[in-house]
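Examining the three-dimensional arrangement
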Amino acid sequence: PVHASQFAFSQSPKDYRVVAKPGSDVILPLTLTNVGDPTVMQLRVYGLSVKDSQGSYELIPFYSDNPQMIQFQLYKSLHALEEPFFTNTSEAIEYSLTIHVPSGLSKGDYYFAIVGQTEQNKGFVNTNTIFLQGGVGSIIYISVSSDGVLDQTGEISQFGVQSERSIKLGDTEY
């Protein structure tokens, strides 16, 4: 016998760019939509690491049990992170993710993903069983600054005025 299910999920928005100051909380609304077969899912937070020069990411499981690190939890939700829940076909689950930036966190950029992933079905296990797990996620870019404002100041290292005429004296061109 063959047992299969259709995995067709989407999550919106695809990414968030957040600027926060230490000691603050940020709440991000998200929507996870199932247009495939009914399934059991869970929401997990992963850290992102740049894998190569092409912009590929590597997902690293993130456990926020250290109070000095960024903390994640679902805000006023029937579900919890890393706990399975059931989704019907054509069901959209709206949830809010709370991000707590602790007071002692150093300023810098932090990259995460909130991923809705299917739970593996253990109901039909034998020697020919293949488990495939699907997931869909949203990337969260967090910039931590001391005042909660993104500092985009730059400096000009070289500046020159282009002219139609030039004079060369020795090795210098004017």
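How each quantity is defined
- Along each chain, residue indices are assigned from 1 in the same order as the chain's sequence is written.
- Local features in this predicted model are restricted to residues whose pLDDT is 70 or higher, and side-chain atom pairs enter the listing and the counts only when it is 80 or higher, whereas totals over whole chains, interfaces and linings include all residues.
- In computing side-chain values, all of the structure's heavy atoms are included and hydrogens and water are not.
- By definition, a salt bridge exists where a carboxyl oxygen of Asp or Glu is found within 4 Å of a side-chain nitrogen of Lys or Arg.
- Note on exposure labels: buried denotes an accessible area under 20% of the residue type's maximum, exposed denotes more than 50%, and partly exposed covers the range between, all computed with a 1.4 Å probe on protein chains only.
- Counting from the N terminus, the helices are the DSSP runs of H or I reaching at least four residues and the strands are the DSSP runs of E reaching at least two.
- In this description, contact between two residues means that some pair of their heavy atoms is separated by no more than 4.5 Å.

With that settled, consider the pattern of salt bridges. What the rule picks out here adds up to two salt bridges. In this structure, the salt-bridge partner of aspartate 15 is arginine 17, at a minimum N-O distance of 4.0 Å. By relative accessible area, which is 60% here, arginine 17 ends up exposed. Glutamate 82 is paired through a salt bridge with arginine 44; the nearest N and O atoms lie 4.0 Å apart. Here glutamate 82 is found in the loop between β6 (71-75) and β7 (85-87), whereas its partner arginine 44 is found in strand β4 (residues 39-50), with 38 residues between them in sequence.

This brings us to the side chain of threonine 39. Within the fold, threonine 39 resides in strand β4. Judged by its relative accessible area of 16%, threonine 39 is buried. Every residue in contact with threonine 39, bar those within four places of it in the chain, is listed here: Phe9, Asn34, Phe85, Phe86, Thr87 and Thr118.

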